[in-house]
Amino acid sequence: MEQLEDFSREELIQVIIELRRVNQRLQAEIEELKRRGGAAPFSKGKRKPDPKPPGRKPGQGFFRFRSAPESAEIGEAIPVSVAERCCPDCGGELGRALREMVSTTDVPVQPKPEVRCYAVEVRRCGRCGAKVRGRHPDVAPGQHGATAHRIGPRVKALAHILHYLHGVPVRKTPAILEELAGIRLTQGAITQHALQQAGAAVGARYKALRASVQEQAVVHTDDTGWRVGGEGAFLMAFVNPVLSVYQVRSRHRNEEVRELIPADFAGVMVCDRGRSYDAVELEGVAQQKCLAHLIRNAAKVAEQKNGRARHFACQLTELLRRALRLSAGSAAMSRKDYCGQATDLNDELTNLLRDRTLRDPDNQRLLNGAGAQQDRGSLLRFLSEDGVEPTNNRAERDLRPAVIARKVSHCSKNPNGAKAFEAFTSVLQTIRKTHPSDLAASLTALISPRPASG
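Treat the numbers as computed from the prediction; the structure is a model and nothing was measured.

A. Representation of the layout of surface pockets within the structure. Put simply, the largest pocket is a space of about 1,800 Å³. What lines the largest pocket is a set of 49 residues, among which Gln143, Arg150, Ile151, Gly152 and Pro153 lie closest to the centre. Considering each element in turn, the lining of the largest pocket owes the most residues, 7 residues, to helix α3 (residues 153-165). Here the residues of the lining of the largest pocket are counted per class, giving 27 nonpolar, 13 polar and 9 charged.

Here it is as structure tokens:
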């Protein structure tokens, strides 16, 4: 009772209202979990009253006809039937015959794999008894005995693309390959080859990609949950339009970030407001904080407040949205007008986030966090530096395939599997960005070094 006496009547009413609001929200969450059987929902469970229809809107998007196959051969000719030699609408006589080329592309009814057999000549030394085998670029030096009949590099590359790029569980990959190509292989063969390549050509390419991160002008980074051997871990992504590098670590601290983004990084790091990126060790790194996260946080605070307590969060949300609109419309503006509006907007945001004391504790936390980022120039950097994006959506999109794969697999079974996932996913995602049409060919060339013929 002595503690309640310290509050005024109005303050007690506000506390009761807030507790009632929290209680109603928690009750709704409990009922939703009961309805779903305790499982985490895949959707919000709320339907839009007027959802947009699927597909592209009329006059929007990029329209393109499917191109004809490169090696298409003219097959059956389809003439106009005798019954249709006159116009079906008016009965008039039809004119000169023209020709339209159409095609249908499909997989073979019974796929037959390409098998190449080699008669390898073997001779034995008359002096020491050593065996000397014939050499060929397509035959590995140790390809004999139990490993005489092997799967080619194109099949292995396709298996790794299905698993590491498209998220197909490795236990289902053999069945898909058998259906598509008529080739049988085992889950163990795919895994063993992946582990071998992670320490060979693919691993070497992965190390080169890691080293190239610190040379980039802009790098987006984000993380998501992962598991290694059943234990919790973090999958971190460092990406931009031409590069994707992933790493799996047991913790997500500034030490793990500085493995790829050093303290003397000369570019811009686009990230969220995680504590790992705000460490003292990374104060010298220019950053752009994700405005989408900050707008969502500010909007959430505004929804929970009434009266004047909503004013600060609403102001911050509106200023950040104005910044996004200004950036989106910069192409239609003169450089002078754009720079003038960007400067005015930065001054308004700086004034709103000035150091002061607010009565509401949620607004004060929002002010302290956003104000510290504004002091470092990490909120509106995208308005003044080319190539810097206002959100971290690029890194989130690169993490999405791994998140989907996580729902149908157990992530990595051991540290070696995690290393293989890092290497293959980084190499494949980077190739897909730089050479999307040569994805399978590029990976095949990487995992199949041709020995010199003698």
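B. Here's a closer look at the environment of cysteine 117. Tracing the sequence through the fold places cysteine 117 in the loop between α2 (9-35) and β1 (122-124). For the pair cysteine 117 and histidine 149, spaced 32 residues apart in the sequence, the C-alpha separation amounts to 9.0 Å.

C. Structural context of the side chain of serine 378. You can see serine 378 is positioned in the loop between α11 (361-375) and α12 (393-407). On the basis of relative accessibility, which here comes to 3%, the residue serine 378 falls in the buried class. Leaving out residues up to four positions away in the same chain, serine 378 has contacts with Gln287, Gln288, Lys289 and Gln373.

D. Here's a closer look at the packing of helix α9 (residues 311-328) against helix α10 (residues 335-352). Closest axis-to-axis distance for the α9/α10 pair is 11 Å, and the angle between their directions is 160°. Classified by the interaxial angle, the pair formed by α9 and α10 is roughly antiparallel. For the pair α9 and α10, the sense of crossing is left-handed. Facing Phe312, Gln315, Leu316, Leu319, Leu320, Arg322, Ala323 and Leu326 of α9, the residues of α10 in contact are Tyr338, Gln341, Ala342, Leu345, Glu348, Leu349 and Leu352. Here the contact of α9 with α10 is composed, by residue class, of 11 nonpolar, 2 polar and 2 charged.

E. Here's a closer look at the nonpolar core. Counting residues in each nonpolar core, the largest one holds 47 residues, and the members touching the most others are Trp226 and Ile261. For this core, the element with the highest residue contribution is helix α13 (residues 415-434), accounting for 8 residues. Counting residues in each nonpolar core, the second largest holds 31 residues, with Val268, Leu319, Leu349 and Leu366 among its members.

F. Highlighting the pattern of salt bridges. Tallied over the entire structure, the rule returns 22 salt bridges. Note that glutamate 18 and arginine 21 form a salt bridge whose closest N and O atoms lie 2.5 Å from each other. Here glutamate 18 and its partner arginine 21 are both found in helix α2, 3 residues apart, which amounts to about one turn of the helix. A relative accessible area of 31% means that glutamate 18 is categorised as partly exposed. With its nearest N and O atoms 3.8 Å apart, the salt bridge here joins glutamate 255 to arginine 253.

G. Here's a closer look at the packing of helix α5 (residues 187-198) against α13. Two elements in contact, α5 and α13, have axes separated by 9 Å at closest approach and are oriented at 70°. The pairing of α5 with α13 is recorded here as roughly perpendicular in orientation. Of the residues in α13, those touching α5 at Ala194, Leu195, Gln197 and Ala198 are Asn416, Gly417, Ala420 and Phe424. Of the residues contributing to the contact of α5 with α13, the split by class is 5 nonpolar, 3 polar and no charged.

The rules we used
Residues numbered from 1 in each chain as written. Predicted model: local features only at pLDDT ≥ 70, side-chain atom pairs only at ≥ 80, totals over all residues. Heavy atoms only, no water. 1 Å grid on protein atoms, 1.4 Å probe; cavity = no way out; pocket = protein on both sides within 12 Å on 5 of 7 lines; lining within 4 Å. Points joined across faces, edges and corners; volume = space filled by probe spheres on them. Helix = DSSP H or I, 4+ residues; strand = E, 2+ residues; numbered from the N terminus. Nonpolar A, V, L, I, M, F, W, Y, C, P; charged D, E, K, R; others polar. Buried < 20%, exposed > 50% of the residue type's maximum accessible area, 1.4 Å probe, protein only. Contact = heavy atoms within 4.5 Å. Axes fitted to C-alpha atoms, helices over the stretch in contact; angles between N-to-C directions. Parallel < 35°, antiparallel > 145°, perpendicular 65-115°, else oblique. Left-handed = near helix turned anticlockwise from the far one by under 90°. Core = buried A, V, L, I, M, F, W, Y, C linked by side-chain atoms within 4.5 Å. Salt bridge = Lys/Arg side-chain N within 4 Å of Asp/Glu carboxyl O.

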